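In case you want the letters, here they are:
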Amino acid sequence: MARLFGTDGVRGLANAELTPELALRLASAAAVVFEDLSDDHSRRPRAVVGRDPRASGEMLEAAVCAGLAATGVDAIRVGTVPTPAVAFLTADYHAEFGVMISASHNPMPDNGIKFFSAGGHKLDDEVEDRIEAAMDDDFVRPIGAAVGRVLDAPDAGDRYRRHLAQAVDERLDGLTVVVDCAHGAASQLAPLAYADAGAKVIAIHADPDGLNINADCGSTHMDKLQAAVLEHGADLGLAHDGDADRCLAVDSTGQIVDGDAIMAILATSLADKNRLHENVLVATVMSNLGLHIAMREAGITVRTTAVGDRYVVEELRRGGYSLGGEQSGHIVVPGSGTTGDGILTGLMIMARMAATSSRLADLAGIVTVLPQELINVRVADKHAVAESQSVKQAVVDAEAELGESGRVLLRPSGTEQLVRVMVEAGTAEQAGTVARRLADVVAAAGA
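- The name recorded for the protein in an unreviewed UniProt entry is Phosphoglucosamine mutase, from Gordonia amicalis.
- Listed in UniProt under the heading Sequence similarities (unreviewed entry), the comment for the protein reads: "Belongs to the phosphohexose mutase family."

Put into structure tokens, the structure is as follows:
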């Protein structure tokens, strides 16, 4: 059977694949596993439960809370908040674990459930596998006063805002920002947090109705934000996704500033303050070679991981590093949070602008993006491609041709018979030529 947990929790079409029955069983299983993992059994365990504003979240929240209470866990409902807020509040309320109900940037009909361990950390595969296995087990059902309670936390948003305010040490007075909230979980909190720091805020797509989350807006549809920045003459624009764990930006000329450029801006900022541990930035293999070149020139080492912010977080924790992220805008700053936080990222971008009196375009200019060609090659056997000597030799030849001004990445899909061939080079023509040549070799090897 396919594994229930994906790269970021359990996701599916709400009420079809991700049903309330599944959510209840999943929450109960998680409660049992976290109880086993806990070192403190002196009080009733607690779990923070948050969600994004999609309509199905109301139904799934009720099911999750029922599943928790049925196992003797108190559910602390924090309402509609970003994913990083649930991670923070899990630690701040000293809860045994946290639950976020969201499908992030996915369209409205989807939804998802992800868990955070004590302290607000994402789970490793082993714990997720234990939860999945426990879903088929019977558990002791408490009765009477031992049944868990469902409690509301009206101060949750204010706690998170205070945390954000303490994370940056620069006032943003004089900066005008347009923030695209994607009709998502940050629709109230993001504008408030930026205004708290002194920025003039123009909020767009900040009216969630349960059905419009991510609909032609947010970090996956940047055109309206680009237009709004130009219309208002703003210093920058910031785009969040449905659960606000990512942030992309737009400079005052309307140009998109992606996660690679944002990481470069924040890495140099931390390095200037001697707060970039071992002068290391953690990024995934998908980050453009231009980021690597820019960081090398700045005296910063880039350590790469597999695709997925969970792998970035694992490397950050392993080395005690200060900054990591993805091209998609998931930026993690361990000194201020345990997971990607889009609002924090936006605050840090603007703080760097204010501290240096610089335009965002000038700060982002540290990275020169190399042309990239990506070809998805459908094959009969992706494992044969991985073992193919002809493919290995073709990669060696391509890397020799590109030298230090380009790179090659072959990535098999995790779910399909597909191999992704990516080439970066000094020119778009060279990137396309080398990628097509490699794609032909991959297709032949996987036939």
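Text resumes after the structure shown.
**Overview of the overall build of the protein**
In step 1: Looking only at helices and strands, one finds 15 helices and 19 strands in the protein.
In step 2: Its C-alpha atoms give the protein a radius of gyration of 23 Å, within 12% of the compact-globule value 22 Å for 447 residues.
In step 3: Expressed as lengths along the three principal axes of its C-alpha atoms, the size of the protein is roughly 70 × 60 × 40 Å.
In step 4: Counting only residues that meet the buried cut, the protein has 56% of its 447 residues in that class.
In step 5: Taking as baseline every contact in the protein between residues at least 6 positions apart, the subset at least 24 positions apart corresponds to 71%.
In step 6: As displayed, the protein offers around 18,500 Å² of accessible surface, 50% of which is attributable to carbon and sulfur atoms.

**Thoughts on the UniProt feature "modified residue: Phosphoserine" (unreviewed entry) in the protein**
In step 1: Per the UniProt record, "modified residue: Phosphoserine" (unreviewed entry) is found at S104.
In step 2: Checked against the element boundaries, S104 lands in the loop between β4 (97-101) and β5 (110-117).
In step 3: Excluding residues that lie within four positions of it along the chain, S104 makes contacts with R11, D52, R54, N214, D241, G242, D243 and D245.

**Here we look at the pairing of strand β9 (residues 200-204)**
Two faces, one strand: in a regular strand the side chains alternate between the faces of the sheet.
In step 1: In this structure, strand β8 (residues 176-180) lies alongside β9, joined through five bridges in parallel fashion. Residue T176 lies in a different strand from β9, and its bridge partner there is K200.
In step 2: Each parallel crossover has a hand, and for β8 linked through helix α6 (residues 189-196) to β9 it is right-handed.

**So, the packing of helix α8 (residues 259-272) against helix α11 (residues 342-356)**
In step 1: It is the contact of α8 with α11, at a shortest axis distance of 10 Å, that shows an interaxial angle of 60°. For α8 against α11, the interelement crossing comes out left-handed. Residues I262, I265, L266, T268, S269 and D272 of α8 touch α11, and the partners they reach there are T345, M348, I349 and R352.

**Re the pattern of salt bridges**
In step 1: One pass over the full model with this rule turns up 30 salt bridges.
In step 2: Between D8 and K114 there is a salt bridge, and its shortest N-O distance comes to 2.9 Å. Placement of the pair is D8 in the segment before β1 (10-13) and K114 in strand β5, with a sequence separation of 106 residues.
In step 3: By relative accessible area, K114 is classed as buried at 4%.
In step 4: Close ionic contact of D158 with R161 constitutes a salt bridge, the shortest N to O distance being 3.8 Å. Placement of the pair is D158 and R161 together in helix α5 (residues 156-167), with a separation of three residues, close to one helical turn.

What counts, and at which threshold
- Residues numbered from 1 in each chain as written.
- Predicted model: local features only at pLDDT ≥ 70, side-chain atom pairs only at ≥ 80, totals over all residues.
- Heavy atoms only, no water.
- UniProt positions renumbered as here; feature names shortened; annotations may be inferred.
- Helix = DSSP H or I, 4+ residues; strand = E, 2+ residues; numbered from the N terminus.
- Rg over C-alpha atoms; globule rule 2.2 N^0.38 Å.
- Buried < 20%, exposed > 50% of the residue type's maximum accessible area, 1.4 Å probe, protein only.
- Contact = heavy atoms within 4.5 Å.
- Areas by Shrake-Rupley, 256 points an atom, 1.4 Å probe, with all protein chains shown as cover.
- Pairing = 2+ DSSP bridges.
- Right-handed = clockwise from strand over helix to strand, strands pointing away.
- Axes fitted to C-alpha atoms, helices over the stretch in contact; angles between N-to-C directions.
- Left-handed = near helix turned anticlockwise from the far one by under 90°.
- Salt bridge = Lys/Arg side-chain N within 4 Å of Asp/Glu carboxyl O.

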